[in-house]
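Coordinate analysis (summary)
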Amino acid sequence: MRRSLQWVLSLLIAAAVLWSPGQAMACIPGLQWGMDSSSVEQRLEVSLETARSLDADSSAIYRVSNQHIGEIPVEQLDLRFGNQGLEQLVYSLPSNSMTEVLAGLRTRYGSPVSTTIKHTDQAPQQVWIWNTEDDCITAVRAEDQKFLLSYRPSRLRPSLL
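The structure presented is a predicted model; accordingly, all values stated were derived computationally and were not measured. (Residues numbered from 1 in each chain as written. Predicted model: local features only at pLDDT ≥ 70, side-chain atom pairs only at ≥ 80, totals over all residues. Heavy atoms only, no water.)

Next up on the list: the environment of Gln-32. With respect to the helices and strands, the residue Gln-32 is situated in the loop between helix H1 (2–18) and helix H2 (37–44). What makes Gln-32 partly exposed here is its relative accessible area of 39%. Linking Gln-32 and Pro-153, residues 121 residues apart in sequence, is a C-alpha distance of 9.5 Å. (Helix = DSSP H or I, 4+ residues; strand = E, 2+ residues; numbered from the N terminus. Buried < 20%, exposed > 50% of the residue type's maximum accessible area, 1.4 Å probe, protein only.)

In this section: a nonpolar patch on the surface. Taken together, Leu-156, Leu-160 and Leu-161 make up a surface patch of nonpolar side chains, about 370 Å² in accessible area. For Leu-161, the location among the structural elements is in the segment after strand S10 (147–153). (Patch = residues over 30% accessible without salt bridge, like charges linked within 9 Å, V, L, I, M, F, W, Y side chains within 5 Å. Areas by Shrake-Rupley, 256 points an atom, 1.4 Å probe, with all protein chains shown as cover. Salt bridge = Lys/Arg side-chain N within 4 Å of Asp/Glu carboxyl O.)

Further remarks concern the confidence of the model for the chain. A residue-level look at the chain finds 77% of positions with pLDDT of 70 or above and a mean pLDDT of 79. In this model, residues 1–25 is a region of pLDDT below 50 whose contacts with residues beyond four sequence positions or in other chains number 36 contacts. (pLDDT = per-residue confidence, 0-100. Contact = heavy atoms within 4.5 Å.)

A few words on the pattern of salt bridges. Any two side chains of opposite charge can pair, on the condition that their charged atoms come close. Counted under the stated rule, the structure contains two salt bridges. For the salt bridge of Arg-63 with Asp-78, the shortest nitrogen-to-oxygen distance reads 2.7 Å. Placement of the pair is Arg-63 in strand S2 (residues 59–64) and Asp-78 in strand S5 (residues 76–82), with a sequence separation of 15 residues. When its relative accessible area of 24% is taken as the criterion, Arg-63 is described as partly exposed. Between Lys-146 and Glu-75 there is a salt bridge, with its nearest N and O atoms 3.2 Å apart. Of this pair, Lys-146 sits in the loop between strand S9 (135–142) and S10 while Glu-75 sits in the loop between strand S4 (72–74) and S5, and the two are 71 residues apart along the sequence. Look at Lys-146 and you get partly exposed, because its relative accessible area is 44%.

Here's what the structure looks like:
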């Protein structure tokens, strides 16, 4: 029973992270969900043509570096664009910044939904999720991996529940 529940929770988290976007403000000031790549290039002052493009399904994923959240350096930022424009941001952050980032998110948005997922042959993953009405924010940390912070448009307004 517990294994089935963990599997379903893992599947729901993966689906939530990859689901299609609506129009809302992204976490970087000046970005909006659905923006085209040239507008994102101007805001971030990067050229996505020189960024490494990773193709997955009907999405284009661009990996950029030399970005910061406040004064925290971002190891890499993946930007996913679909048919509707910008649909997801995924930050890879140094693990020593995890506590500060989680504390900042908790201060701004309240307590997250959190869980630990343990797969049979992998290190356990800690997962925290916030729904801000506009964004679904997911933070993930595995003991042997980097700290990831994902933003995508929220598909559910908590006020509807």
